[in-house]
Protein chains: 2
Amino acid sequence: MSPPARRTGRPRSAEADRAILGATRAALVELGWSKLTMGDVAARAGVAKTTLYRRWANKSELVVDAVAALLDEQLELPDLGSLRADVEETVLRFAALLERPEARTSLMAVVAEATHDEALRERIRTTIVDRQKRLVLLGRERAQARGELPRETDPAAAARTADLIFDVIAGAVVHRTLVSADAVDAPWARDFAELLLSGFAAAAGRGCPTSAGRPAPAQKPAGSV
Amino acid sequence: MSPPARRTGRPRSAEADRAILGATRAALVELGWSKLTMGDVAARAGVAKTTLYRRWANKSELVVDAVAALLDEQLELPDLGSLRADVEETVLRFAALLERPEARTSLMAVVAEATHDEALRERIRTTIVDRQKRLVLLGRERAQARGELPRETDPAAAARTADLIFDVIAGAVVHRTLVSADAVDAPWARDFAELLLSGFAAAAGRGCPTSAGRPAPAQKPAGSV
DNA sequence: CAGTTACGCTACGACTCGTAGCGTAAGGGT
DNA sequence: ACCCTTACGCTACGAGTCGTAGCGTAACTG
């Protein structure tokens, strides 16, 4: 995207970049995705509409970048001394981010567009998904250092598990917030962390899975997961 | 929605209703959400554009109804004899549904619109969310009958747990499919069910969280991948 | 200073939206 | 049968958006 080329000519205005992304977020707050127009963003940013099109091919790509910047600013992994506490806090922070109108309205819209736009899908993957997956990897590292989780022997299985955890956490919070339209509050985060750490039986009010009333179901052969 | 009124005059054509919803789904497959136009749907359905607007105020409401019909057709709870198997199968069925282009592209788009449209949010809640939550309630009933889950004493807590499970399952599948853009296949469903039933420790290795021991060959330092 | 690239501005055709107005089709009440 | 009411198809329309082209000017490089 930024080949070493372009050493000559007038450089692009970094000021304009910031103004445009800021204007995009402001417009998302007021108008939402569907009523946001390129012309409006340009006017807010004090820039010509053509300048937008020189940098982004369409509305979707512009909004992806605006949202990615927001995520990077806001999401950090807490270190509260236990896996459970870190999960709860991360869930709450992510939920707080989704409270922002510009995040709510655009995240889903961009994903929707991406369902029939391969280039946009790739941009989301690199700009948002991969960037946030590091939180899971880091959290696992810390939990392992604390002895809360075993260290995996199979790196491929470990990567699969990390992806799974990422989708479960991010997916649950997004679904609760945007689809079910319910609040992600402290009690919910606590229940959710409990479910993640101990599974169904615990979430239903108990400790270990084997105490659920009958012997735990047959396990898979070693080496899986 | 259908007040006892309107007993006089020409009745609305049920044929037109079906044609319109069918045309909407077909258009979603070919064009996706953003390029779908009311005029195009009308043409496909063989009706006048004004007929669409007499029934739905805008594109979002039309698509919500088209998708809700699709969900009702497709989602049933399997009964395979164990909670684990039922969860896996439900995950796979839901994923198969999300493979359909008309479902992928419109579910997210409609949710995005709903973030700044209270009426649409309500329509989604009653038309989609509440309808599918029954799957969770039914699944729990069966698991309790089999002795796989304890019966809750507190109905309020039980309801909270059911909502939680619903968001976790639906959210994880949607996120995996549409955001991470990875396949929800049998191995993933198996890992996911394992996580839901037994929690982190099981997904990362085995047994109860307290047994997290296991000799740990020092793995890569932080920040890999 | 010459070459190159970015910027602001204006204008434009193509398209979609959602509505209004009209004449016609299809039922119900008496 | 007759009117009344409502739905339908059709056409036309103003408003708004999209994305691009063309122009003159600004900024930076060697």
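Residues numbered from 1 in each chain as written. Chains lettered and ligands numbered in written order. Predicted model: local features only at pLDDT ≥ 70, side-chain atom pairs only at ≥ 80, totals over all residues.

We now examine the UniProt feature "domain: HTH tetR-type" (unreviewed entry) in chain A. The UniProt entry lists residues 14-74 of chain A under the feature "domain: HTH tetR-type" (unreviewed entry), expressed in the numbering used here. Spanning residues 14-74 of chain A, this segment combines 87% helix with 0% strand, and its end C-alpha atoms are found 21 Å apart. (UniProt positions renumbered as here; feature names shortened; annotations may be inferred. Helix = DSSP H or I, 4+ residues; strand = E, 2+ residues; numbered from the N terminus.)

Around DNA strand D sit 25 residues, and of these Arg 10 and Thr 37 of chain A together with Gly 9, Arg 10 and Val 47 of chain B come closest. Of all elements in the fold, only helix H2 (38-45) and helix H3 (49-55) of chain A together with helix H3 (49-55) of chain B reach the threshold of two or more residues within the surface near DNA strand D. Per-class residue counts for the surface near DNA strand D are six nonpolar, 11 polar and eight charged. (Near = placed C-beta within 6 Å. Nonpolar A, V, L, I, M, F, W, Y, C, P; charged D, E, K, R; others polar.)

As a further point, take the protein's contact with DNA strand C. As a matter of local geometry, DNA strand C sits amid 25 residues, with Gly 9, Arg 10 and Thr 51 of chain A together with Arg 10 and Thr 37 of chain B nearest to it. At the level of secondary structure, the elements contributing two or more residues to the surface near DNA strand C comprise H3 of chain A together with helix H2 (38-45) and H3 of chain B. Residue composition of the surface near DNA strand C, by class: six nonpolar, 11 polar and eight charged.

For any two helices packed against each other, one specifies the crossing angle of their axes together with the interaxial distance. Residue and element names in this part refer to chain A. At their nearest, the axes of helix H6 (residues 101-114) and helix H7 (residues 118-146) sit 8 Å apart, and the two run at 135 degrees to each other. Considering their axes alone, H6 and H7 lie oblique with respect to each other. Of H7, the residues touching H6 (which contributes Val 110, Val 111, Glu 113 and Ala 114) are Leu 120, Arg 121 and Ile 124. Of the residues belonging to the contact of H6 with H7, the class tally is five nonpolar, no polar and two charged. (Axes fitted to C-alpha atoms, helices over the stretch in contact; angles between N-to-C directions. Parallel < 35°, antiparallel > 145°, perpendicular 65-115°, else oblique. Contact = placed C-beta atoms within 7 Å.)

With that settled, consider the domain arrangement of chain A. All names here are of chain A. When cut into domains, chain A gives domain 1 (14-55) and domain 2 (59-209). Summarising the inter-unit geometry, the C-alpha centres of domain 1 and domain 2 are found 28 Å apart. At the interface, 10 residues of domain 1 touch 12 residues of domain 2. In terms of residue count, the dominant contributor to the side of domain 1 that touches domain 2 is helix H1 (residues 14-35) (seven residues). (Domains from an automatic or database assignment.)

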